[in-house]
Amino acid sequence: MSAVERPEEVAAVSPESSPGPRDASPDEGVVEDLPLIDEKAVEQLTEGLISHYLPDLQRSKSALQELTQNQVVLLETLEQEISKFKECNSILDINALFSEAKHYHNKLVNIRNEMMMLHEKTSKLKKRALKLQQKRQKEELEREQQREKELEREKQLTAKPARRT
């Protein structure tokens, strides 16, 4: 039966017969004011409402799932990019370490070359000092020999008294 067939129910629901906002609270008399509703009609209305909104809700659900999956993919891609940037930073750090190592290697090579040059100079100076020492010793030996010769000569040149026999 529809609302047209039940005038008493329509009258109960109409605004003229309902109490005003000042007369009673909104919840008061709700059960009394409700008309008798057919269970089959409620079920059909529910099915109609569900059939009307369910496809849109399912599409929305699948769209949300797809968006969620895309977000997961984007997050993973973002994490990969972040790790690449971290690798780039670590590569830059490694490059800085290599350039610093090259700089110190060049310093060590220069120090080694200087040490070799100083070693050569000291070796030459030692040889020269040894030659000079040998030359001085030779000169001193020659002077000593010369002096001994002079002394010997003076001894020979000195007058010797003659012996009388």
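Let us look at the structure shown here. All residue numbers refer to position in the chain's written sequence, counted from 1. Reporting of local features is limited, given that this is a predicted model, to residues whose pLDDT is at least 70; pairs of side-chain atoms are given and counted only at 80 or more, and all residues count toward the totals for whole chains, interfaces and linings. Where side-chain values are given, they derive from all heavy atoms of the structure, hydrogens and water being excluded.

1. Some details on the pattern of salt bridges
In what follows, salt bridge is the name for a side-chain nitrogen of Lys or Arg lying within 4 Å of a carboxyl oxygen of Asp or Glu. Counted under the stated rule, the structure contains four salt bridges. Measuring nitrogen to oxygen at the nearest pair gives 2.0 Å for the salt bridge that ties D56 to R59. Linking D56 with R59, this pair stays in helix α3 (residues 39-157), spanning three residues, or about one helical turn. Relative accessibility decides the category of a residue: with a 1.4 Å probe and only protein chains considered, values under 20% of the type maximum give buried, values over 50% give exposed, and everything between is partly exposed. When its relative accessible area of 36% is taken as the criterion, D56 is described as partly exposed. With its nearest N and O atoms 3.6 Å apart, the salt bridge here joins K84 to E81. A residue pair is termed a helical-turn pair when its members lie 3 or 4 positions apart in one helix, as K84 and E81 do in helix α3 at three residues. The class for K84 is partly exposed, based on a relative accessible area of 45%. Put simply, DSSP H or I for four residues or longer makes a helix, DSSP E for two residues or longer makes a strand, and each gets a number counted from the N terminus.

2. Comments concerning a positive patch on the surface
The patches described consist of residues with a relative accessible area above 30% and no salt bridge, like charges being joined within 9 Å and nonpolar side chains (Val, Leu, Ile, Met, Phe, Trp, Tyr) within 5 Å. Under the convention used here, a 1.4 Å probe and the Shrake-Rupley method define accessible areas, while residue burial counts only the protein chains that appear. Asp and Glu are treated as the negative residues and Lys and Arg as the positive ones, with His and the ends of the chain left uncounted. Where a charge lies is defined by one atom per residue type, namely NZ (Lys), CZ (Arg), CG (Asp) and CD (Glu). Together, K121, K124, K127 and K131 make up a region of like positive charge exposed at the surface. Of note, K121 is situated in helix α3.

Function cannot be inferred from these measures alone, as they are strictly geometric.
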